[in-house]
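Structural features, examined
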Amino acid sequence: TCGEFCAVSEERWLPIPGWDDLYEASSLGRIKRISGPTSGRVLAPLRHNGYHNVTLSRSGAKTTLKISRLIASAFLPNFHERLEVDHIDGCPSNDMVSNLRMAGRHENSQNVGRHRDNLTGYKGVFYDRRPGRKTGRFVARISVRGKTTKIGYFRCARNAAIAYDRAAIEHFGPFAKTNAAMGYL
């Protein structure tokens, strides 16, 4: 999904907590009904804002839920209702258990790509266009816990991106989404 090649492991099915008697979750990101007239049927995902959802029903009442949360609740030992489910590869439709991890809101926001309006081609790198400044410089910046910090000025955008990556790894650890990891370097 999302144009990336994924190594597919053997599919495992586990009951979904709270829905144990009706539905199971797959390690490959699928949901199936296990009782009733449509028992054994894998549900077709609905797409909303890039995320896959399914509608589950019990006694005529229907509930639409994100597949990633259902997979995480069945497979991840550290699943918690108050945490967010982070898609490690940044692809919200890749609900394989190997691509999911629990994260706080702050951690989950660290795992984002570059902004669409970024003209440098690198995350965390911007062209310095302030009046009265030397032209032809790139600035690397990083936001940590809501505070934006300037990493430094560089003559080349690539060097600024390398500096951003180092800072991102230092501040965000395994949640850092670096230019190198996204294939920009």
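Summary of the structure given here. What you see is a predicted model, and the numbers here were worked out from it, not measured in a lab.

About the cut-offs
Residues numbered from 1 in each chain as written. Predicted model: local features only at pLDDT ≥ 70, side-chain atom pairs only at ≥ 80, totals over all residues. Heavy atoms only, no water. Phe/Tyr/Trp six-rings, centres within 6.5 Å; stacked < 30°, edge-to-face > 60°. Buried < 20%, exposed > 50% of the residue type's maximum accessible area, 1.4 Å probe, protein only. Helix = DSSP H or I, 4+ residues; strand = E, 2+ residues; numbered from the N terminus. Lys NZ or Arg CZ within 6 Å of the ring centre and 35° of its normal.

**Some points on the packing of aromatic side chains**
- The tally for this structure, following the rule as stated, stands at 2 aromatic pairs.
- Relative to Y23, the ring of W19 lies with its centre 5.8 Å away and its plane at 75°, an arrangement referred to as edge-to-face. For the pair W19 and Y23, a shared accessibility class is recorded, and that class is buried.
- Arranged with centres 5.3 Å apart and planes meeting at 70°, the rings of Y127 and F138 form a pair that is edge-to-face. Remark: F138 occurs in strand β10 (residues 138-144) and Y127 occurs in strand β9 (residues 125-127); sequence separation between them is 11 residues.
- On the accessibility criterion, Y127 (33% relative accessible area) is partly exposed.
- Against the face of Y51 rests K66, its NZ or CZ located 4.2 Å from the ring centre.
- In this structure, R137 packs its charged tip against the face of Y153, placed 4.0 Å from the ring centre.

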